[in-house]
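Letter by letter, the chains look like this.
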Amino acid sequence: MADFVVTPWEVRGSVDYDELVRQFGTQRLDGGLAERLARTAGESHFMLRRNVFFSHRDLPQFLDAVERGRKVALYTGRGPSGSTHLGHLMPWVFTKYLQDAFGCELYFQMTDDEKYLFKENLTREETLAYARENALDLAALGFKPDKTKIIIDTQAIKRLYPLALDVAKKTTLSTARAIFGFDNSTNIGSVFFTSVQSAPALLPSVLEREKTGKKNAVVPVLIPCAIDQDPHFRLTRDVSDKLGYPKPALVHTRFLPSLRGGEKMSASDAESSIYTTDTPEDAERKVMRAFTGGRATVEEQRRLGGDPEVCSVCNYLKMFFEPDDAKLAERLRAYRAGEILDGENKQYLAGKVTAFLKEHQRKREQARKTIDKFFWEG
């Protein structure tokens, strides 16, 4: 019995990714397929080389479409229940790499309705405000409004609702219960919501049919996301064929760990996460208090070395902040050998984090002038 829990709304315990692949029925994004993705994209990405993106559904079929010169699209999103943290940015950074490589449109869904339905303490006004604020973080990463459609569910529902209805009609309550664990206490909006989350996966094909007049036109879609969101799209894939649309492909990322060690960053635990709205000083303080793979004493660490596998500082470098493979390998070697102590390692990461935040926050404020160009209501 696994001693961890991964659902779209909760991640708890130390995640065994091999076991999770088995439970979810996904496939490993192994060396050969990762190399093919890099080759098709024209260049590799450090998150791909380091197996940060580790799992997939139907990625080869999506790459077939790209290699044949077919029109494709990307889809990812955010559940706006608070400020964006670095863990949320990971799939967005990878999505930007894919969009630049394939020159395709991105459909980015802000599920403000989901967070209202699943979070007792949030109002509709609050989730909508978070959606607009979180959108600034997407724009700050360099996405362009002519290729990026940000869809806030409650604002674009007129366009999403017909597709959500089609999905809902083909989905039984027993299927929803089996995938999500709904019970008699679940509000009926939550049961319906996953149909709304399915809609953007079908939308590129719908728009292509409207544009070209070809009733059977299809646009293959790839969804880069954290592995906890896979159940939503398992349902989408179950019904898309029945509705005459291609099954969306997925690539899954691991979770950026908590600064406290172990579990993923938690939006409900401010000290476990670094937010894009944190001051550089607060971010540095959090890094300097982070859980590490060091020993009880300096002497022991010099003699025995540290363990980068459990060290949140090393994992932040590996998964986000040190894209240079040679520099990362040398730092991890030195950490294992006891040549680098935790204080020095923390200072190194803190410098990278604060530099990133200063630049990101500058771009984030600039984005306020243009953010309305991203929002799409159909």
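Our structure is the block above this text.
Cut-off values and rules
Residues numbered from 1 in each chain as written. Predicted model: local features only at pLDDT ≥ 70, side-chain atom pairs only at ≥ 80, totals over all residues. Heavy atoms only, no water. Helix = DSSP H or I, 4+ residues; strand = E, 2+ residues; numbered from the N terminus. Rg over C-alpha atoms; globule rule 2.2 N^0.38 Å. Buried < 20%, exposed > 50% of the residue type's maximum accessible area, 1.4 Å probe, protein only. Lys, Arg positive; Asp, Glu negative; His and termini not counted. Charge placed at Lys NZ, Arg CZ, Asp CG, Glu CD. Pairing = 2+ DSSP bridges. Contact = heavy atoms within 4.5 Å. Axes fitted to C-alpha atoms, helices over the stretch in contact; angles between N-to-C directions. Right-handed = clockwise from strand over helix to strand, strands pointing away. Core = buried A, V, L, I, M, F, W, Y, C linked by side-chain atoms within 4.5 Å. Expected span 1.5 Å × (residues − 1). Polar contact = N/O pair within 3.5 Å; in protein donor to acceptor, adjacent residues only side chain to side chain.

Asks: Is there a simple way to explain the overall build of the protein chain in this structure?
Replies: When helices and strands are counted, the protein chain shows 16 helices and nine strands. Taking 21 Å as the expected radius of gyration for a compact globule of 378 residues, we find that the protein chain reaches 21 Å, a close match to that expectation. Seen through its C-alpha atoms, the protein chain measures out along the principal axes to roughly 70 × 50 × 45 Å. Looking at the 378 residues of the protein chain, the share that counts as buried comes to 53%. The protein chain carries 56 positive and 53 negative side-chain charges, and their two centres are separated by 5 Å.

Asks: Honestly, the sheet that holds strand β4 (residues 53-57) in this entry has me stumped. Any pointers?
Replies: Pairing between the strands of a sheet comes from backbone hydrogen bonds, and it takes one of two forms, parallel or antiparallel. Strands sit in the order β3-β4-β9-β8-β5-β6-β7 across an open sheet of seven strands; the sheet is mixed. Pairing within the sheet leaves two strands with one partner each, and these edge strands are β3 (27-28) and β7 (148-152). As judged from the four bridges shared by β4 and strand β9 (residues 249-253), these two strands associate in the antiparallel manner. Its bridge partner lying in β9, Ser 55 is registered against His 252. On the sheet, helix α8 (residues 153-169) packs against β6 (105-110) and β7 and is oriented at approximately 100° with respect to β7.

Asks: Any chance you could explain the pairing of β6 here in plain terms?
Replies: For a regular strand, side chains alternate in direction, first toward one face of the sheet and then toward the other. Extensive coverage of β6 is indicated by the burial of five of its six residues. In the classification by handedness, the crossover that spans strand β5 (residues 73-78), the intervening helix α5 (residues 86-102) and the parallel β6 is right-handed.

Asks: What should I look at first to understand the nonpolar core in this one?
Replies: One recurring pattern in soluble globular proteins is that nonpolar side chains are buried together. Residues Phe 94, Phe 102 and Ile 274 are the most contacted members of the largest nonpolar core, which totals 68 residues. For this core, the element with the highest residue contribution is α5, accounting for eight residues. In this structure, Phe 102 is in contact with Leu 37, Thr 40, Ala 41, Phe 62, Leu 63 and Val 66, ignoring residues within four places of it in sequence.

Asks: Before we go on, may I ask you to explain the pairing of β7 in this structure?
Replies: Here β7 lies mainly inside the structure; five of its five residues are buried. For β6 and β7, the ladder comprises five bridges, and the chain directions are parallel. Along β7, the bridge assignment pairs Leu 106 with Thr 148.

Asks: Even after reading the chapter, I still don't get helix α15 (residues 325-336), so can you show me in this structure?
Replies: In a regular helix each residue adds 1.5 Å, so 12 residues correspond to 16 Å; α15 covers 16 Å between its end C-alpha atoms and thus fits that length. Tucked into the core, α15 has its buried residues touching α13 (298-304), α14 (312-321) and α16 (342-367). In this structure Asp 324 caps α15, since a side-chain oxygen of it lies 3.0 Å from the backbone nitrogen of Ala 326. A positive backbone phi angle near 80° is found at Gly 338, which sits one or two residues after α15.

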